[in-house]
Amino acid sequence: MLLLIPGPVATRPEVRAAMAQDVAPWDNDFRAIYARLRERVLAVAHGVPGEHATLPLQGCGHFITEAAIRTFIPPGGKLLIPGSGAYADRMTRLAREAGRVPVVMPIDPDRPTDPAAVGAALAADPSIGHVGVIYSETGSGVIHDAPAIGAVVRQAGRRMIVDAVSAFGALPLDMSAQPEIDAALFTSNKCLEGLPGMGFAVARVDRLQASVGQAGSWSFDLESIYTHALKAGWGSFRFTPPAQVLMAFDKALDFYEAEGGQPARLARYVANMRAFYDGIRGLGLSPYLPREQQGPIIVNVHAPADPAWDLQRFVDALKARGVLISNFYNTATPTFRVGCIGAVTPDDMRRAVGAMAEALNELGITRREAA
Ligand SMILES: *Cc1c(COP(=O)(O)O)cnc(C)c1O
């Protein structure tokens, strides 16, 4: 099955095979792999050893995002969030439910955030301590320029938390050049092409040291993960980890490095996106974003106007042809969404377009312009 969703992504068979063993998390062989894995991840973020730390947390992206919000923002503290779409909405809810105060900055969800507008919002409210940015808004497919927004945040003397969950490993991120970033967040199962089950933060050590006791949660406390590592070693976990997922992740990092790291991964995803974007236009379908706003991670496509259109039937017809896409909408207007990330190539994307042509014909969809 060709899995074209923005996480969990298609993985290589070697990565899945790395899971097929029993592992004791406290075993010295595993501890060495885990400690090295933290260093490998730090290098992807261009973190500085001693200045930054890799803090893994069992679970999904929402868990690591909540942990970062709790750890770095004091209770009652304000977090400015550009309202980029579905994942900005999720960060807003996570902050509110954790007793922090999200301040949503309305933006056009089909366009990148204007860094100057972030600067103006910060100038207007000196009580805002943090900015929360979705680097790649998986809801829309738009990339928000985290380095440029960070420069404005830095100039304003504020702090930033970057949800890089669907960006990390593919879009450039240089933590050494962005001291305003408290933490960048991501998971094992997106652009690094591992299996789902682990969240990661790369975070600043000085900010961790300034955050003792602030989280109001033991499970979701990055500072606790950090101090545990100092006491018990970088190969040690507080609580039982999905050790097999980490074995697979280690293998996925081998492929990442062999491919050529971030620039090579981005180039492949851009080629995937272009093959798909051009392909569906050739079928008469309308992409949700104009080409100049279209990021390389996910392509949304307007639901066709034809009255016979039915998303679940389309998804089922594709699945019968070996291609699996999401069966829900993540945009205000109905769209179907296709991930361009994972262990897939432009040829796979062209195969998916071929399957879509057949599925549209099977469903009798002739009016294919946007509904
Ligand atoms: C996938 C994703 C998340 C996390 O989703 P989970 O289902 O919790 O793993 C968060 N932010 C963005 C931008 C994402 O794409």
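Residues numbered from 1 in each chain as written. Predicted model: local features only at pLDDT ≥ 70, side-chain atom pairs only at ≥ 80, totals over all residues. Heavy atoms only, no water.

(A) Region of interest: the sheet that holds strand β4 (residues 101–105). Read from one edge to the other, the open sheet built from seven strands follows the order β2-β8-β7-β6-β5-β3-β4, with strand pairing classed as mixed. Of all the strands in the sheet, the pair left with one neighbour each is β2 (52–58) and β4. The sheet shows a mean angle of 20° between the axes of neighbouring strands, direction not considered. In this structure, strand β5 (residues 128–134) lies alongside strand β6 (residues 159–163), joined through five bridges in parallel fashion. What sits directly across from histidine 130, in β6, is arginine 159. Its contacts with the sheet put helix α2 (residues 28–44) on β2, β7 (181–187) and β8 (198–204), and the angle it makes with β2 is roughly 120°. (Pairing = 2+ DSSP bridges. Helix = DSSP H or I, 4+ residues; strand = E, 2+ residues; numbered from the N terminus. Axes fitted to C-alpha atoms, helices over the stretch in contact; angles between N-to-C directions. Contact = heavy atoms within 4.5 Å.)

(B) Structural context of the pattern of salt bridges. With the rule as written, the count across this model stands at 21 salt bridges. Taking the shortest distance from any N to any O, the salt bridge between lysine 78 and aspartate 125 comes out at 2.9 Å. In this pair, lysine 78 is assigned in strand β3 (residues 78–82) and aspartate 125 in the loop between α5 (115–124) and β5, connecting sequence segments 47 residues apart. Looking at lysine 78, the relative accessible area reads 26%, which means it is partly exposed. Between aspartate 182 and arginine 159 there is a salt bridge, with its nearest N and O atoms 2.7 Å apart. You can see aspartate 182 sitting in strand β7 and its partner arginine 159 sitting in strand β6, a full 23 residues away along the chain. (Salt bridge = Lys/Arg side-chain N within 4 Å of Asp/Glu carboxyl O. Buried < 20%, exposed > 50% of the residue type's maximum accessible area, 1.4 Å probe, protein only.)

(C) Structural context of the packing of aromatic side chains. Across all of its chains, the model carries 11 aromatic pairs by this definition. Measuring from ring centre to ring centre gives 4.3 Å for tyrosine 34 and phenylalanine 237, while their planes differ by 20°; the resulting arrangement is stacked. In this pair, tyrosine 34 sits in helix α2 while phenylalanine 237 sits in the loop between α8 (222–232) and α9 (243–259), placing the two residues 203 residues apart along the sequence. With centroids separated by 5.4 Å and ring planes inclined at 10°, the aromatic side chains of phenylalanine 186 and phenylalanine 200 adopt a geometry described as stacked. With phenylalanine 186 in strand β7 and phenylalanine 200 in strand β8, the pair connects residues that are 14 residues apart, well separated along the chain. (Phe/Tyr/Trp six-rings, centres within 6.5 Å; stacked < 30°, edge-to-face > 60°.)

(D) Local environment of the packing of helix α11 (residues 311–319) against helix α12 (residues 346–363). At a minimum axis distance of 9 Å, the contact between α11 and α12 shows a crossing angle of 130°. For the element pair α11 / α12, the angle class is oblique. Of the two possible hands of crossing, α11 and α12 adopt the one that is right-handed. Here α11 contributes Arg313, Phe314, Ala317 and Leu318 to the contact with α12, which in turn contributes Ala355, Met356, Ala359, Leu360, Glu362 and Leu363. (Parallel < 35°, antiparallel > 145°, perpendicular 65-115°, else oblique. Left-handed = near helix turned anticlockwise from the far one by under 90°.)

(E) Fine view of the packing of α2 against α9. Between α2 and α9, the shortest axis-to-axis distance is 10 Å and the interhelical angle comes to 45°. Judged on the interaxial angle alone, α9 and α2 are oblique. Considering the relative orientation of α2 and α9, their crossing is left-handed. Where α2 approaches α9, its residues Phe30, Ile33, Tyr34, Arg36, Leu37, Arg40, Val41 and Val44 are matched on the opposing element by Ala243, Leu246, Met247, Phe249, Asp250, Leu253, Asp254, Tyr256 and Glu257. Grouping the constituent residues of the contact of α2 with α9 by class yields 12 nonpolar, no polar and five charged. (Nonpolar A, V, L, I, M, F, W, Y, C, P; charged D, E, K, R; others polar.)

(F) Representation of the environment of aspartate 29 within the structure. Within the secondary structure, aspartate 29 is located in helix α2. When its relative accessible area of 59% is taken as the criterion, aspartate 29 is described as exposed. Distance from aspartate 29 to proline 304, taken between C-alpha atoms, is 54 Å for residues 275 residues apart in sequence.

(G) Local environment of α9. Here α9 contains 17 residues, and its C-alpha end-to-end distance of 25 Å stays within 8% of the 24 Å for a straight helix at 1.5 Å per residue. Of all the residues in α9, the buried ones are Ala243, Val245, Leu246, Met247, Ala248, Phe249, Asp250, Ala252, Leu253 and Tyr256. Buried residues along α9 sit against α1 (13–17), α2, β8 and α10 (261–282). Downstream of α9 by a residue or two, glycine 260 has a phi angle that is positive, lying close to 115°. (Expected span 1.5 Å × (residues − 1).)

(H) Examining the domain arrangement of the protein chain more closely. With domains assigned, the protein chain is organised as domain 1 (21–257) and domain 2 (261–363). Computed from C-alpha atoms alone, the centre-to-centre distance between domain 1 and domain 2 is 28 Å. Taken together, the 24 residues of domain 1 in the interface contact 21 residues of domain 2. Summing both sides of the interface, domain 1 and domain 2 together bury roughly 1800 Å²; the carbon and sulfur share of this comes to 52%. (Domains from an automatic or database assignment. Buried area = accessible area lost by both parts, 1.4 Å probe.)

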